[in-house]
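Spelled out from the first residue to the last, the chains are:
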Amino acid sequence: NAGVMQNPRHLVRRRGQEARLRCSPMKGHSHVYWYRQLPEEGLKFMVYLQKENIIDESGMPKERFSAEFPKEGPSILRIQQVVRGDSAAYFCASSSIAGGQDNEQFFGPGTRLTVL
Amino acid sequence: SQQGEEDPQALSIQEGENATMNCSYKTSINNLQWYRQNSGRGLVHLILIRSNEREKHSGRLRVTLDTSKKSSSLLITASRAADTASYFCAPSGNTPLVFGKGTRLSVIA
């Protein structure tokens, strides 16, 4: 059973370009979470999605950032017109149960975005 | 917010010693989870303790939960160099997990 997969693992963009980060959840998981981690910091929640729905995007900047989890295919975190401050590691996690009693999340290896 | 705060921020011990990390939180929870992050990698789930449990063991890990004090502790016994990592607690309810800055554990061989 493959774990959570993220690609690319490393992404370099120049200021003003777009960054697309992909996440394939574990098989059977329909809940996806995106986090951002700056160096020496903990993970910051960005957005929580179920298939075709955004459930909670309270941690995602209102501008330039968007996320989707289509019926078919991976979840995508999209950052438009990237700036240097967007440089960070972006982690995706998936779970089979939303909130509730157990909410164990399985994390992917992350995508390290560097904005030049 | 259900964010947990880990303490201490950093901990350095000799191989074979025990390591204790603490977590405090502010709201009611369904469970509390501990995760480990090795440098440059994603988080790995270690153990989950439910709100009606007081103590749980998994291998060399021992977790306690005191809901009256809104605190939890993670004990790693007989530590190994491979335990060097950052450890995060995640108090969990019906909202997405929120992580603190973690405890950075260094186990010196």
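Here the structure is a predicted model, which means the values were calculated and not measured.

Rules of the game
Residues numbered from 1 in each chain as written. Chains lettered and ligands numbered in written order. Predicted model: local features only at pLDDT ≥ 70, side-chain atom pairs only at ≥ 80, totals over all residues. Heavy atoms only, no water. Contact = heavy atoms within 4.5 Å. Buried area = accessible area lost by both parts, 1.4 Å probe. Salt bridge = Lys/Arg side-chain N within 4 Å of Asp/Glu carboxyl O. Helix = DSSP H or I, 4+ residues; strand = E, 2+ residues; numbered from the N terminus. Nonpolar A, V, L, I, M, F, W, Y, C, P; charged D, E, K, R; others polar. Core = buried A, V, L, I, M, F, W, Y, C linked by side-chain atoms within 4.5 Å. Buried < 20%, exposed > 50% of the residue type's maximum accessible area, 1.4 Å probe, protein only.

Chemist: Please clarify how the interface of chain A and chain B should be interpreted in this entry.
Modeler: Between chain A and chain B, the contact holds 22 residues from the first and 23 residues from the second. Counting the surface lost from both chain A and chain B, the interface buries some 1,800 Å², and carbon and sulfur atoms represent 46% of this. Summed over the shared surface of chain A and chain B, the result is one salt bridge. Close ionic contact of Lys101 of chain B with Glu41 of chain A constitutes a salt bridge, the shortest N to O distance being 4.0 Å. Counting residues per element, the ones that place at least two in the side of chain A that touches chain B are strand 4 (31–37) and strand 5 (43–50) of chain A. Per-class residue counts for the side of chain A that touches chain B are eight nonpolar, eight polar and six charged.

Chemist: Quick question: what am I supposed to make of the nonpolar core here?
Modeler: When a protein is soluble and globular, its nonpolar side chains tend to lie buried together. In this structure, Trp34, Met46, Leu77 and Tyr90 of chain A are the most contacted members of the largest nonpolar core, which totals 23 residues. Looking at this core, the elements that each hand over two or more residues are strand 3 (19–24), strand 4, strand 5, strand 7 (65–68), strand 8 (75–79), strand 9 (88–95) and strand 11 (111–115) of chain A. Those residues in contact with Met46 of chain A that sit more than four places away from it in its chain are Trp34, Tyr35, Arg36, Asp56, Glu57, Ser58, Gly59, Met60, Pro61, Phe65, Leu77 and Tyr90 of chain A. By size, the runner-up hydrophobic cluster in this structure holds 21 residues, among which are Trp34, Val63, Cys89 and Val107 of chain B.

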